[in-house]
Amino acid sequence: MLGRSALSGLAAAAPALHRQASPAWRGVPSTTTARSAATGDAYVGDPVFPDGIASGDPALDKVVLWTCVDPELDRRDGVPVGLEVARDAEFTSSAVVAWATAVATADRDHTVNLDVDGLEPGTTYYYRFTARGHQSPVGRTKTLPDGEVDRVRLAAFSCQRYVHGYFPSHRDLADLALDPGTDLDLVLSLGDYVYNTEWADDWAVEGRDLPARPEAFTLAEFRRRYHDLRADLALQAMHANHPVACIFDNHDGMGDPSDEMGAGAVPAFFEQLPVRRVGGTDRIHRRLSVGGMVDVVLLDERQFRDPEVESTGPIATEGTDAPAIFDPERTMLGADQRDWLLDELAASTATWRVIGSQLMFWPWRLSQGGAPTDEITHPGSYLNFTQWDGYQAERDTILRVLDERGDRNAVVLSGDSHLFSVAGVALDFDDPDAEPVLVELNGSSITSANADERNLPQSALTEPGFKDANPQLVLFDSERHGLSVIELRRDGADAELRSPTSIEDPEAPVEVLASFRIEAGTARPERTGGTRG
């Protein structure tokens, strides 16, 4: 039965894995202090819905609602699942606006992915699932607003390797929903939501142990990764409280088009997350317009990229030793996606443009080089050719389009690098006096190891050198974990780098490491506060 709702496309069939229903079986806390936006009390999971509930890809009139039920309930013909959507958390009869039924089957790993339409713009809704007489926790979601709004609040996160730590950052995100002043309109998941390899960097946190398993390649193996991760109730609470728009990166999708991991990882991404699959394709680049305030553009920097240029140095590589990184024919996005992005940026009439990028955008150099030439357009010693530094002509094209339209209201929210950074990025970023075109906020990692756990040089030593080599870099912190939050208004944007004091304690406090003000039309982040000196 469908009540103003429709089923989303189904992923390819594959065998389901048996899994334990209780999150406590491997030492994960079976309770959390993260609070439910529906009840105001601590979020409580349910073993019948062991991965929790989630919403994603909101639009003006629809949103994707997702859950996964315990396979033990399957009597060989699937598990009947019901869904209710209401305007209040009590689901009074007059407030129920949509309902649906579906069957959670083994070939879909007992997940249910419902695209509920016929909703009102800019409206808060509550939803719950039922299965064989059991009721899920109540989730809260929002549709995107239509027309003018006073503000838009976004958060962005990435890189949450389970064994590397707990998720106080997700507890913090969940709790932001309880206060109208801090509540979020949308959360962006920028990749590496799960990892193909569970152990890395000789680092693991007590209580986050997992059984030893080989590297994941198949759909069944990636399903296991998602179930492991979402046993964490703080992560479940975050999903229950906010709509999330997801893209994948190299550990939960593919490194490039030749990566055989993609055959298992990409179907798992569409099956295990509240993502709207369009036309049965694997397309993840898309736009979400949040009122007239901001156009959010999510990129795919993996599926269409040219092969990475090989580094030659032990730490960094001189641009003169790798001239291919400046080749105007090289692409990270592929021609079709690049043209789409440039058209989106040129046509946007919103006050702000936010680009969700898996990878860091600003030039990460150890040193500047000599004078630019036609072949070496931005000389210097570069650290990572996987990032945009390996595709410099395409980056210049993006900056040029913004510059030519006089746009100084573009912000890149990026992930992957496991560090916090804030920078203005100019078209001629070699010139310290050049006017920046956009601002980038790189949100570190939720848990994945960085300089702290890996015993690498600390920011007190590295930040001054990076600022010398990259004049428009404002902040660089490679020890702390966390995420970014930004509030956008017509006169400016206020950004926070939010970081837990520890990832070894699930209840560690979260503090604002640094905050910034970006006046509209300037692309200049100005420090306004935070605990970091």
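Heads up: the structure comes first, above all this text.
The model shown is predicted, which means the values in this text are computed figures rather than measured ones.

Draft legend 1. Just the sheet that holds strand S23 (residues 473-477), in detail. The strand order across the open sheet built from 7 strands is S14-S15-S17-S20-S22-S21-S23, with neighbouring strands paired in mixed fashion. Either end of the sheet is taken by a strand with one partner, and the two such strands are strand S14 (286-290) and S23. Pairwise comparison of adjacent strand axes, ignoring direction, gives a mean angle of 20 degrees for this sheet. Where strand S21 (residues 420-426) meets strand S22 (residues 436-443), 7 bridges bridge the pair, whose relative direction is antiparallel. Paired with serine 421 across the bridge in S22 is asparagine 442. Sitting on the sheet, helix H5 (residues 335-347) is in contact with S14, strand S15 (294-298) and strand S17 (352-357), with an inclination near 175 degrees to S15.

Draft legend 2. View of unusual backbone geometry. Positive phi, close to 60 degrees, is recorded for cysteine 159, a residue that is not glycine. For cysteine 159, the position within the fold is in the loop between strand S11 (152-157) and helix H1 (168-176). Relative accessible area serves as the criterion here: at 1%, cysteine 159 is assigned to the buried category. A positive phi angle, close to 55 degrees, is found at asparagine 455, a residue other than glycine. For asparagine 455, the position within the fold is in the loop between S22 and helix H7 (459-469). Its relative accessible area of 72% is what places asparagine 455 among the exposed residues.

Draft legend 3. Fine view of the pattern of salt bridges. A complete count under the given rule lists 38 salt bridges for this structure. Between arginine 208 and aspartate 232 there is a salt bridge, and its shortest N-O distance comes to 2.9 Å. On the criterion of sequence distance, the pair formed by arginine 208 in the loop between strand S12 (186-189) and helix H2 (219-229) and aspartate 232 in the loop between H2 and helix H3 (233-241) is long-range, its members being 24 residues apart. Summarising the burial analysis for this pair, arginine 208 and aspartate 232 share the class buried. The shortest N-O distance in the salt bridge between arginine 405 and aspartate 407 comes to 3.0 Å. The exposure class assigned to aspartate 407 is buried, which follows from its relative accessible area of 4%. Bridged by salt links that share partners, the residues Glu198, Arg213, Arg224, Arg225 and Asp228 form one connected network.

Draft legend 4. A look at the state of the cysteines. Counted according to the given criterion, the structure contains 0 disulfides. We note that cysteine 68 lacks a disulfide partner, and the nearest cysteine sulfur, in cysteine 246, lies 15 Å from it. Of the residues examined, cysteine 68 reaches a relative accessible area of 0% and is grouped as buried. You can see cysteine 246 has no disulfide; the closest cysteine sulfur is in cysteine 159, sitting 13 Å from it.

The rules behind these values
Residues numbered from 1 in each chain as written. Predicted model: local features only at pLDDT ≥ 70, side-chain atom pairs only at ≥ 80, totals over all residues. Heavy atoms only, no water. Pairing = 2+ DSSP bridges. Helix = DSSP H or I, 4+ residues; strand = E, 2+ residues; numbered from the N terminus. Axes fitted to C-alpha atoms, helices over the stretch in contact; angles between N-to-C directions. Contact = heavy atoms within 4.5 Å. Buried < 20%, exposed > 50% of the residue type's maximum accessible area, 1.4 Å probe, protein only. Salt bridge = Lys/Arg side-chain N within 4 Å of Asp/Glu carboxyl O. Disulfide = S-S within 2.5 Å.

So, to be careful, I would describe these as geometric facts and stop short of saying anything about function.
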